[in-house]
Amino acid sequence: IENPPEEHDALIATLSIHPFIMRPVTSPHQLRLYKGNWINQFFLRGALAMQQHFKSRPTDIFLASYPKSGTTWLKAMIFATMTRTSYPLDQHPLCTHNPHQCISSMEKEFSIGNSQIIEAIPSPRVMNTHLQYSVLPESITNPDCRIIYVWRDPKDVLVSEWYFVKKIYMDVDEKATFDQFYELFCQGVGPFGSIWNHVLGYWKESKLRPEKILFLKYKHILQEPVKYAKKLAHFVGCPYSKAEENQGVIEQIVELCSFKKLKELDVNKGGESVTNDVHISYADFFRKGEVGDWKNHMTTEMAERLDAITKEKFKGSGIEI
Ligand code: A3P
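Worth saying up front: this structure is predicted, and the values here are computed from it rather than measured.

Undergrad: For this particular structure, what's the right way to read the site of the ligand?
TA: Thr71, Thr72, Ser160, Arg287 and Lys288 are the nearest of the 17 residues found near the ligand. Measuring from a nitrogen atom of the ligand, one finds a backbone N or O atom of phenylalanine 259 at 3.2 Å. Note that an oxygen atom of the ligand is positioned 2.7 Å from one of the backbone N or O atoms of glycine 289. Considering the ligand on its own, with 570 Å² of exposed area, one finds that the protein chains cover 97% of that surface.

Dropping the structure here:
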């Protein structure tokens, strides 16, 4: 069933707009205040359409994340894990396709009226969302669906997002400074709202349903990729056999999805995705791939203030910072 893209625009038009420094008034990517969080209205369109039309299947798997937290990497890892027996790994689709072509972004497809693309994915489906937990369609939060959530130190997310947004909206914002961007980030202003609300929403749910929500941190995967590759495989229902372990298949999957390998592929050097007016070079999904690049961009005071916000927001939650 196709969803008409404009079906919720009248409602969206009634919501407050943020005078976001990165967007001119005419931009279709204004930030709107929806249920206590800012959200890019393009994705809000998708979210509302999903709430109305999306029907989950019990076998569905959702990769959820705040943008710039490791989504591309996890898409590659999940896709490679689930399709590893269908192709020789040196001829795997990930060698010629960007991970975002392998796993769809739900709110993007629904925003442009493409819900049939999501419908057409054969089970078990894997889909990606950046939406806050509280905004997900009820059917995703039903007890059967599995969610893999990845989060990352907000300081590194902020730096990564700064470069990404500058690249995509470069023409509209020559004057925005990192300091301005930092202030907005601290206030929870961004295309998917407050990072702290985002992480907390999925964290709380993962505590209630640990067997259905796998809560991962970028840093931990980078430190022990093989351990997490195994965890992922188990969680998505394709655990590695002893024979595969002995043949080094886990290491090969980790290698196939590594930053170094993906960044150097032709598709990721020269390819791009185009949605409406927004062009995104695949190369922009592979910048540094490290922990701690914030040190090159923030003063000690800025870092301390951001850490203090994180500590305060996560107080009592049990999230290990
Ligand atoms: P940096 O900008 O800090 O380098 P997302 O995929 O959610 O948009 O996140 C993008 C961030 O993940 C970028 O961080 C990018 O370099 C990093 N990244 C992309 N692919 C990766 C990989 N295979 N391994 C580790 N990090 C990766």
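Next comes the rest of the write-up.
Undergrad: Help me understand the pairing of strand E4 (residues 126-129) in this model?
TA: Two faces, one strand: in a regular strand the side chains alternate between the faces of the sheet. Residues Val126 and Asn128 of E4 are buried on one face, and the alternating residues Met127 and Thr129, pointing to the opposite face, are buried as well. Sheet topology note: the strand E3 (residues 61-65)/E4 ladder contains 4 bridges and is parallel. Considered in E4, the bridge of leucine 63 is made with asparagine 128.

Undergrad: Would you take a moment to explain the pairing of strand E2 (residues 37-40) for this structure?
TA: Alternating residues of E2 divide into Asn37 and Ile39 and Trp38 and Asn40, and every residue in both groups is buried. With antiparallel pairing between neighbouring strands as the criterion, strand E1 (residues 31-34) and E2 make up a hairpin whose turn holds 2 residues, including lysine 35 at a positive phi of roughly 50°.

Undergrad: I'm lost on the environment of isoleucine 221 in this one. Help?
TA: Looking at the secondary structure, you find isoleucine 221 in helix H10 (residues 218-223). Of the residues examined, isoleucine 221 reaches a relative accessible area of 3% and is grouped as buried. Separated by 20 residues in the primary sequence, isoleucine 221 and glycine 201 have C-alpha atoms spaced 21 Å apart. Not counting the four nearest positions on each side in its chain, isoleucine 221 is found in contact with Trp73, Leu74, Val150, Leu216 and Tyr228.

Undergrad: What am I meant to see in the packing of aromatic side chains here?
TA: In this description, a pair of aromatic rings is defined by centroid distance and the angle of the planes. Applying the stated rule across the entire model yields 17 aromatic pairs. Taking 5.1 Å as the distance between ring centres and 80° as the angle between the ring planes, the aromatic pair formed by phenylalanine 42 and phenylalanine 43 counts as edge-to-face. Given the relative accessible area of 17%, phenylalanine 43 is considered buried. The interplanar angle of 85° and the centroid separation of 5.3 Å between the aromatic rings of tyrosine 133 and tyrosine 202 together place this pair among those described as edge-to-face. Residue tyrosine 133 is located in the loop between E4 and strand E5 (146-151), and its partner tyrosine 202 is located in helix H9 (residues 195-208); the two are separated by 69 residues in the primary sequence. You can call tyrosine 133 buried: its relative accessible area is 13%. Classification of tyrosine 202 by relative accessible area gives buried; the value is 0%. A network of ring pairs unites the aromatic residues Tyr133, Tyr149, Trp151, Tyr202, Trp203, Phe215 and Phe314 as a single cluster. The cationic tip of lysine 68 hangs over the ring face of phenylalanine 164; the distance from NZ or CZ to the ring centre is 3.4 Å. The ring centre of tryptophan 294 lies 4.5 Å from the NZ or CZ of lysine 155, which sits over that ring.

The rules we used
- Per chain, residue numbering runs from 1 following the sequence as it is written.
- Selection of residues for local features in this predicted model requires a pLDDT of at least 70, selection of side-chain atom pairs for listing and counting requires 80 or more, and totals for whole chains, interfaces and linings are taken over all residues.
- Side-chain numbers here rest on the full set of heavy atoms in the structure, without hydrogens or water.
- Residue proximity to a molecule or strand is established when one non-hydrogen atom of the residue lies within 4 Å of it.
- The term polar contact refers here to a pair of N or O atoms within 3.5 Å; inside protein, the definition further demands a hydrogen-donor-capable atom paired with an acceptor-capable atom, and it admits residues adjacent in sequence only when both atoms are side-chain atoms.
- For the accessible areas, the method is Shrake-Rupley and the probe is 1.4 Å, while residue cover comes only from the protein chains on display.
- Residue exposure (1.4 Å probe, protein chains only): buried if accessible area is under 20% of the type maximum, exposed if over 50%, otherwise partly exposed.
- Counting from the N terminus, the helices are DSSP H or I runs at least four residues long and the strands are E runs at least two residues long.
- Strand pairing requires that DSSP identify at least two bridges connecting the strands.
- Between two residues, a contact is recorded if the distance between any of their heavy atoms is within 4.5 Å.
- A pair of aromatic rings is counted whenever rings of Phe, Tyr or Trp (Trp by its six-membered ring) have centres within 6.5 Å, and the orientation is called stacked for planes under 30 degrees apart, edge-to-face for over 60 and tilted otherwise.
- Criterion for a charge above a ring: Lys NZ or Arg CZ within 6 Å of the ring centre, and within 35 degrees of the ring normal.

So yeah, pure geometry; function would need other evidence.
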